[in-house]
Amino acid sequence: MAAAARLFRGATRGPPALALARALGSAPPGPAGRGVRGAALAAAGALGGLGLALGLWRRQVALAAAREDEEDQELRQRFMAPPVSGLRELRRRRRELRSRMELLIMETQAEMCRALAALDPGASFVVDSWERKEGGGGISCVLQDGEVFEKAGVNVSVVSGLLSEEAAWQMRSRGKSLKGKDGKLPFCAMGVSSVIHPKNPHVPTMHFNYRYFEIEEADGTKQWWFGGGTDLTPTYLNEEDAVHFHKTLKEACDKHDLKLYPKFKKWCDDYFYIKHRGERRGIGGIFFDDMDSPSKEEVFQFVKSCAKAVVPCYIPIVKKHCHDSFTPEEKLWQQLRRGRYVEFNLIYDRGTKFGLLTPGSRIESILMSLPLTARWEYMHNPPESSKEAEILEVLRNPKDWVH
């Protein structure tokens, strides 16, 4: 038997099929030969099983690669540009909240851009992907000088690095206890932000922003929170539009907690207050910041519901009024109200201030929120009982639109 085994080992050098033929062809007669032939046949069975398993494995690898390619293609078609973190990295970290948040803001950007483009087919978005040398980057989508929209921008940013002292001070002033190592605070921030300025004064301006922030302290502890909101700034008051806008946002909030809408509606009215004018920027909506409870997953699901509400709360209003007739006087009033919009954004807005205080920020994207045109007139006061005076009354005394 030992001789047969030696004969088999010698005969089975080389490719499997040739080795088998050698083993079977050179086997001597008698018991030793039967042993060699049996061993060869057993080896053939093992090789056949191994080949089948190898073939199945290769097929599974090919199918997985094909699925990944299909997913990549689907994501590229779904978004306005490739994600900042890259598709492969997002897929690798698909269960992590940061990846899910980046996918959400990318989807929100694409949904709003496509909805706006469908209403203004003669214009198109400029899609600008940019990188920040300190870490991260973004995608800015801007439409200008269309038939319906004077300027519409929808930005995504995913940035990381070290928080500047000015930005850290701004956060500490809101009650954040941030303890850096040697004065350094690593951070990651991502969000989607949009401001839409229509041409027609009977179509309101709309703004939304949803963001996630994460800071690592000296002991490795990570602080995280979400913020955001959606608000409407009409030039002229249309109560039906105001009710639709607020009702849609309330429905998104109510899916999670009936207390959220009234709380965040008041916060919005208070946040968008132009102190030096004694009036709000618009008729509000919802606004929240530093939201870190009840849990990361629950807050993310709430933010997702709010982000999914931005198209249905606004686009029907644009469709309704984008072809309304208007007078030169109404256009002038729109320009004056846009001046108030600029004042708030440059003096009070947290996002604008954070962006301007963060090293390496992209100024063009930060100031995307400003309209192409605005106007300031000395001591302009509209006549009493006019449509212009009507909107001013609401801006000075916010209303409950859903009860």
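Computed from a predicted model, the values in this text were never measured in an experiment.

A. Molecular detail of the pairing of strand β9 (residues 284-291). Buried residues dominate β9, accounting for seven of its eight residues. Bridge count for strand β6 (residues 222-233) against β9 is six bridges, and the pairing is antiparallel. Within β9, the position partnered with L232 by the bridge is G284.

B. Spotlight on the packing of aromatic side chains. Per the counting criterion, the structure on display carries 18 aromatic pairs. Here the aromatic rings of F213 and F354 are separated by 5.5 Å at their centres, their planes lie at 80°, and the arrangement is edge-to-face. One end of the pair, F213, is in strand β5 (residues 205-216); the other, F354, is in helix α12 (residues 350-357), with 141 residues separating them in the sequence. For the pair F213 and F354, one class covers both residues: buried. Taking the centre distance of 5.3 Å and the plane angle of 55° together, the rings of F288 and F302 count as tilted. Here F288, found in strand β9, pairs with F302, found in helix α9 (residues 296-308); they are 14 residues apart in sequence, far enough to count as distant. Each member of the pair, F288 as well as F302, carries the same accessibility label: buried. Each member of the aromatic cluster is reached from another via a ring pair, and the members are Y210, F264, W267, Y271, F272, F287, F288, F302, F344 and Y348. Here the guanidinium or amino end of R281 rests over the ring plane of Y341, the centre of that ring lying 4.1 Å away. Residue placement shows K387 over the ring face of Y236; its charged tip is 5.1 Å from the ring centre.

C. Quick peek at the nonpolar core. Membership of the largest hydrophobic core comes to 70 residues, with the highest contact counts inside it found for F149, Y210 and Y314. Looking at which element gives the most residues to this core, the answer is helix α5 (residues 97-119), with ten residues. Formed by eleven residues, the second largest nonpolar core is a distinct cluster that contains A167, L185, F187 and W225.

D. Molecular detail of unusual backbone geometry. Cis rather than trans, the peptide bond between S293 and P294 has omega equal to 15°. You can see P294 is positioned in the loop between β9 and α9. At D290, a residue that is not glycine, the phi angle is positive and equals roughly 55°. Positionally, D290 belongs in strand β9. The backbone phi angle of S385 is positive, close to 65°, even though this residue is not glycine. Here S385 lies in the loop between α13 (363-366) and α14 (387-396). Among the residues examined, S385 registers a relative accessible area of 80% and is labelled exposed.

E. Expanded view of helix α11 (residues 328-347). Taking 1.5 Å per residue as the helical rise, α11 with its 20 residues ought to reach 28 Å, and the 29 Å between its terminal C-alpha atoms agrees with that figure. Within α11, 14 of the 20 residues are buried, leaving the element largely enclosed by the surrounding structure.

Criteria and thresholds
- Residues numbered from 1 in each chain as written.
- Predicted model: local features only at pLDDT ≥ 70, side-chain atom pairs only at ≥ 80, totals over all residues.
- Heavy atoms only, no water.
- Buried < 20%, exposed > 50% of the residue type's maximum accessible area, 1.4 Å probe, protein only.
- Helix = DSSP H or I, 4+ residues; strand = E, 2+ residues; numbered from the N terminus.
- Pairing = 2+ DSSP bridges.
- Phe/Tyr/Trp six-rings, centres within 6.5 Å; stacked < 30°, edge-to-face > 60°.
- Lys NZ or Arg CZ within 6 Å of the ring centre and 35° of its normal.
- Core = buried A, V, L, I, M, F, W, Y, C linked by side-chain atoms within 4.5 Å.
- Expected span 1.5 Å × (residues − 1).

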